[in-house]
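Spelled out from the first residue to the last, the chains are:
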Amino acid sequence: MQKTFTIGLLGCGNIGEAVALELLANKNPSLKLKKAFVKDLNKKRNIANSFLTNNADEILNDPEINLIIEVLGGEEPALGFVIKALQNKKHLVTANKELIAKHGPQIFETAFQNSVQVRLDATVGGGIPIINTILDSLKANEITEVVGILNGTTNYILTQMKRGHSFELALKEAQEKGYAEPDPTNDLEGIDAKYKISILASLAFGNYISPSQVFCQGIKDISVLDFNLAKELGFSIKLLGVAKKLNKDEIKVKVYPCLIPAKKPLAKIDDVLNAILVRGDLIQELLLVGSGAGAKPTSSAILGDVLSIQKLADSTQSYLPYKINSLIKPNQGVEHNYRFYVRLIVDDQVGVIRDLGNVLAKNNISLESISQKAYNDENIEHNNQTEEATLTFLTHEVSENDFELALREVKILKPIREIACILRVFE
Ligand SMILES: NC(=O)c1ccc[n+]([C@@H]2O[C@H](COP(=O)([O-])OP(=O)(O)OC[C@H]3O[C@@H](n4cnc5c(N)ncnc54)[C@H](OP(=O)(O)O)[C@@H]3O)[C@@H](O)[C@H]2O)c1
């Protein structure tokens with residue numbers, strides 16, 4: 001007979017309420033919701049007030065509660081609550097990517113010391129079972145690469161821009177549809193994707209990677225013009241989280257918007273969908289696609305984790321999913337080479353391409369294509385009266401360091417008004 005699990009919810013917002021409603025529907029009588037911790041007891045909700053409390057200790061100190069679902073979000077008070085719950089021998093299921101990305105080592109170590117389980121499938125990819133796939137199904141593989149479209153909001157915005165909508169309009173549409181927060185900074189600057197790729201890289205490569213070690217570039221510099229130019233070159237534009245093992249001791253972990261060949265499967269993942277591609281020595285290549293957010297898909301991941309803990313709770317010890325004090329530091333050592341796409345706003349005058357070509361050649365950068373067009377991005381405001389033009393170029397493969405050195409020189413060339421957009425090419 002299955003052991004009954006009495007559950008305490010920390011948070012009862014978008015995700016918490018969906019989880020609570022599933023538990024209260026009593027589809028699985030061995031899972032009982034006892035209490036949900038919220039900030040505002042007067043908020044209108046779809047669950048009875050008798051289940052709510054604004055005193056977390058009613059959950060954390062209740063000996064009957066043996067599993068906590070943390071869906072508060074953010075670092076505090078979530079971290080303090082989670083540590084206390086683990087010390088009180090309660091299993092933990094969480095959807096909080098920021099918490100796990102920043103404080104995973106402390107959380108897993110505390111769980112290990114107290115012989116309780118931590119499950120986190122909902123932290124990345126919403127309903128896509130990517131974490132459990134890496135931890136369980138792909139266990140026999142040496143994983144060499146994890147690449148994903150990890151943020152549905154930015155994928156929606158980029159998709160709308162591909163369809164010709166300006167960045168501002170696409171963002172407004174995302175907010176109207178409830179895909180983007182009123183303050184969308186974490187999505188637009190790639191911070192949400194950074195938390196997610198740091199979790200995936202840590203689990204895939206078995207070494208804790210802090211989000212502070214992850215290179216991160218957001219999508220704000222991209223304009224509809226870049227989509228048009230990318231299309232002419234045979235590419236689409238996506239925000240990717242990339243974690244790649246270069247050799248035994250060197251890995252790169254980055255979030256960046258990139259040109260991706262339009263024929264690649266990831267280039268075709270549009271709207272709010274997420275997709276994650278994993279490469280391993282045995283599996284070769286695996287692509288998981290699905291809803292990366294939303295109450296129902298995320299509660300699917302959370303409740304799946306609850307059931308897994310319930311099944312294993314009596315028979316397994318807790319474990320550490322990665323080395324906590326890893327000596328491997330991402331993005332150090334081996335040079336990373338890319339093809340780069342650059343869009344410049346320049347004075348529309350003779351000799352610009354020649355001057356640019358000289359600087360690039362001096363820095364050993366050769367060009368695959370270059371084009372100067374009289375059209376401008378109407379979204380960029382320019383006060384200057386002189387005629388201006390848009391100049392774009394695509395380099396052959398070059399090291400990031402050489403490219404950066406060359407760009408410093410490009411920036412100070414007289415006819416260059418602005419380096420408007422730089423995108424790596426994802427091969
Ligand atoms: N939304 C998604 O699609 C999605 C998908 C995957 C993962 N996640 C993750 O799931 C977590 C929850 O997301 P959500 O969208 O459900 O957030 P949400 O709607 O903002 O809900 C947060 C809940 O936590 C409570 N809360 C927050 N801070 C509190 C505090 N200081 N004291 C007491 N209660 C507090 C809120 O109480 P009140 O209700 O009283 O305000 C609310 O019930 C986050 O970590 C998020 O990253 C979300």
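All of these numbers come straight from a predicted model, not from anything done at the bench.

Caption draft 1: Up close: the domain arrangement of the protein. Each assigned domain of the protein is listed here: domain 1 (5-119), domain 2 (130-291) and domain 3 (337-425). If you average the C-alpha positions of domain 2 and of domain 3, the two centres end up 26 Å apart. Contact with domain 2, which involves 14 residues of that partner, is made by 13 residues of domain 3. Elements with a minimum of two residues in the side of domain 2 that touches domain 3: helix H10 (224-232) and strand E10 (250-261). Here the side of domain 2 that touches domain 3 gets four residues from one element, more than from any other, and that element is E10. Here the side of domain 2 that touches domain 3 is composed, by residue class, of ten nonpolar, two polar and two charged.

Caption draft 2: Focus on the site of the ligand. If you check the shell around the ligand, you find 22 residues, and the closest are Gly11, Gly13, Lys39, Gly73 and Ala293. Per-element tally for the shell around the ligand: the top contributor is helix H1 (residues 14-24), with three residues. Taken together, the residues that form the shell around the ligand break down as nine nonpolar, nine polar and four charged.

Caption draft 3: Representation of the pairing of strand E14 (residues 340-347). Counting buried positions along E14 yields seven of eight residues, so the element is predominantly enclosed. Sheet topology note: the E14/strand E18 (residues 416-425) ladder contains seven bridges and is antiparallel. Residue pairing in the sheet places arginine 343 in a bridge with cysteine 421 of E18.

Caption draft 4: Examining the environment of proline 182 more closely. In this structure, proline 182 sits in the loop between helix H7 (167-176) and helix H8 (185-188). Overall, the presence of 5 C-beta atoms within 10 Å leaves proline 182 in the exposed class. Distance from proline 182 to lysine 244, taken between C-alpha atoms, is 33 Å for residues 62 residues apart in sequence.

Caption draft 5: Structural context of the nonpolar core. Ranked by internal contacts, the top residues of the largest apolar core, which has 125 residues, are Leu9, Leu10, Val19, Leu200 and Ala201. Here the element with the most residues in this core is helix H9 (residues 191-205); it accounts for nine residues. Once residues lying within four places of it in the same chain are set aside, the contact partners of leucine 200 are Val124, Ile130, Ile134, Val146 and Ala243.

Caption draft 6: Local environment of the sheet that holds strand E5 (residues 91-94). Taken together, the six strands give an open sheet; going across it, the order is E3-E2-E1-E4-E5-E6, and neighbouring strands pair in parallel fashion. Either end of the sheet is taken by a strand with one partner, and the two such strands are strand E3 (52-53) and strand E6 (118-119). Sheet topology places strand E2 (residues 31-37) next to E3; two bridges connect them, and they run parallel. Paired with alanine 36 across the bridge in E3 is leucine 52. Where helix H3 (residues 78-87) meets the sheet, it contacts strand E1 (5-10), strand E4 (67-70) and E5, and its direction lies at approximately 165 degrees from that of E4. Along the sheet, helix H11 (residues 295-312) contacts E1, E2, E4, E5 and E6; its crossing angle with E5, the most-contacted strand, is approximately 160 degrees.

Caption draft 7: Spotlight on the environment of glycine 80. For glycine 80, the position within the fold is in helix H3. Along the sequence, glycine 80 and proline 182 sit 102 residues apart, while their C-alpha atoms lie 27 Å from each other.

Caption draft 8: The packing of H1 against H11, seen in detail. Taken N-terminus to C-terminus, the directions of H1 and H11 make an angle of 65 degrees; their axes are 9 Å apart at the nearest point. In the packing of H1 onto H11, the handedness of the crossing is right-handed. For the pair formed by H1 and H11, the contact residues are Asn14, Ile15, Ala18, Val19 and Glu22 on the first element and Ala295, Lys296, Thr298, Ser299, Ile302 and Leu303 on the second. Residue classes in the contact of H1 with H11 are distributed as six nonpolar, three polar and two charged.

Cut-off values and rules
Residues numbered from 1 in each chain as written. Predicted model: local features only at pLDDT ≥ 70, side-chain atom pairs only at ≥ 80, totals over all residues. Domains from an automatic or database assignment. Contact = placed C-beta atoms within 7 Å. Helix = DSSP H or I, 4+ residues; strand = E, 2+ residues; numbered from the N terminus. Nonpolar A, V, L, I, M, F, W, Y, C, P; charged D, E, K, R; others polar. Near = placed C-beta within 6 Å. Buried ≥ 20, exposed ≤ 12 C-beta atoms within 10 Å, placed from the backbone. Pairing = 2+ DSSP bridges. Core = buried A, V, L, I, M, F, W, Y, C linked by C-beta atoms within 7 Å. Axes fitted to C-alpha atoms, helices over the stretch in contact; angles between N-to-C directions. Left-handed = near helix turned anticlockwise from the far one by under 90°.

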